[in-house]
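# What the coordinates show
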Amino acid sequence: RDIGPIIPISNPIGDTDNQTWIVVHMEEAVQILKNAKQFTVDPTSIEEKENFRDKINSKEKSSAPDTFFTGKSMLFLDGLDHRRLRMLVSKAFTPRYMEGLRPRVQEIADELLDKVHSKGEMDLVKDYAYPLPINVISEMLGVPYEDREKLKDWSSAIATGLGWGKQDATVAKNLQEFGEYTKQLVERKRMNPSDDLISQLIAIEAEGDRLDESELISMITLLIFAGHETTSNLIATGSMMLFENPKQLELLKKDLRLIPSAVEELLRYNGPSTAVGPRFAKEDVEISGNKIKKGDMVLVMVKAANRDEKIFTDSEDLDITRKINQHLAFGHGMHMCLGSPLARLEGEIAFTSLLRRMPNLSLKIPKEKVEWQFNLSSQSIDSL
Ligand code: HEM
């Protein structure tokens, strides 16, 4: 049943003065995400509007360092402030730069598969989907090997708690520890710089006074958090999608050249980001006959928009040969995922290496027993 492109719902995370809307069709989703004139990521830019992050901020603020969630990170800024921060790191995420990373990503994937190959079984999440992206982003940033486990714990506690009011205290505690760790890491890099991305961000700061302490810590925590959690989920949930669609898995095994289109299709069909937002209306706006009032919150339901029948033929089917696939898995507009070239590279290498080295790969437990985790905007599997 078509329930229309935009639906008013009771407010899951914001205040109660304004209406919350969810957007489920592609056309309206794109219209809103690219409309930076009438929609903002920063509710404080609308007069007298409380920041939806204040609940967590106030518990955490005290003397704790800022993080991507509590401080000035590009994710929650608009206009010139956003562009400035994004430009400072964008060079490290161009498709060309990514090609330079390819051999090292391949090496990491091979090392992980070497470790489990002779055992005859593996936990696809713990042994592969998780360690691959965290090791890649940690090497880019220069995070010491022994600290990576802690980053995983903080990030997953934050990811699973965000958006659910009852877990605010856990999220706040983990954000605080994550911020403190990052601050110490920055101090160590200041004394002992290297050729990694954190040292480069510090050097920009020293050259032109371009990043203040809050921006620096917020940026690094954002890159660590965004740089691994979702990609791990792509590898884990993507593998699960293939197990659930054995014909597609067989097709892929027979022709690994389909991997790039398979990665796009896994992102579209059931990717790690299930919703993007929130965005807040800066003024009264009418979209497809719906009157969105100034201050109203809008969540774009990526998973629904990615199955919009008007855009995707047989949208409810996983089709790894799909040719035109302009999905919203990485968002759209100014805030569209900065790390998408890296995520695509890692996804491509992860699935290719897995299927090439383990062509008889199958699920050990019945698929109904696999436990999925959901929060407001993402989905993941902890063990597979
Ligand atoms: C933003 C998804 C991997 C860094 C976003 C957004 C989405 C997204 C939907 C937009 C958020 C919004 O508009 O509110 C994903 C998915 C990934 C992935 C599904 C993996 C499959 C990565 C990686 C990095 C990264 C590997 C590397 C550091 C970022 C950053 C932003 C972002 C920095 C903020 C961009 C901005 O505000 O301008 N991501 N992401 N992401 N992502 Fe990713």
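One structure accompanies this document, and this report is about it. (Residues numbered from 1 in each chain as written. Predicted model: local features only at pLDDT ≥ 70, side-chain atom pairs only at ≥ 80, totals over all residues. Heavy atoms only, no water.)

### Some points on the overall build of the chain
Going by this rule: Here a strand is any run of E in DSSP of at least two residues, a helix any run of H or I of at least four, and the numbering for each starts at the N terminus. Atoms considered for the radius of gyration are the C-alpha atoms alone. The globule rule reads 2.2 Å times the number of residues to the power 0.38. Burial classes: relative accessible area under 20% of the type maximum marks a residue as buried, over 50% as exposed, and values in between as partly exposed (1.4 Å probe, protein chains only).
Helices and strands together make up the secondary structure of the chain, namely 14 helices and nine strands. Over its C-alpha atoms the chain spans a radius of gyration of 21 Å, differing by no more than 12% from the 21 Å that the globule rule assigns to 384 residues. Principal-axis analysis of the C-alpha atoms places the extent of the chain at approximately 60 × 60 × 40 Å. Scored against the burial criterion, the 384 residues of the chain give a buried share of 56%.

### Considering the pattern of salt bridges
Threshold: Only one rule defines a salt bridge in this text: a Lys or Arg side-chain nitrogen within 4 Å of an Asp or Glu carboxyl oxygen.
Across all of its chains, the model carries 25 salt bridges by this definition. Notably, a salt bridge pairs Glu177 with Lys173, separated by 3.2 Å at the nearest N-O pair. Placement of the pair is Glu177 and Lys173 together in helix α8 (residues 168-191), with a separation of four residues, close to one helical turn. Residues joined by salt bridges that share partners form a network here, namely Lys72, Arg84, Asp212 and Glu215.

### Examining helix α6 (residues 131-141)
Extensive coverage of α6 is indicated by the burial of 10 of its 11 residues. Among the residues making up α6, those that are buried are Pro131, Leu132, Pro133, Ile134, Asn135, Val136, Ile137, Ser138, Met140 and Leu141. Positioned one or two residues after α6, Gly142 has a phi angle of 85°, which is positive.

### Some details on unusual backbone geometry
Although it is not a glycine, Ser288 sits at a positive phi angle of roughly 45°. Position of Ser288 relative to the elements: it lies in the loop between β5 (285-287) and β6 (290-292). You can call Ser288 partly exposed: its relative accessible area is 40%. If you check the backbone angles, Asp314 has positive phi at about 45° while not being a glycine. The partly exposed category is assigned to Asp314, whose relative accessible area is 49%.

None of the figures reported here should be taken as evidence of function without further support.
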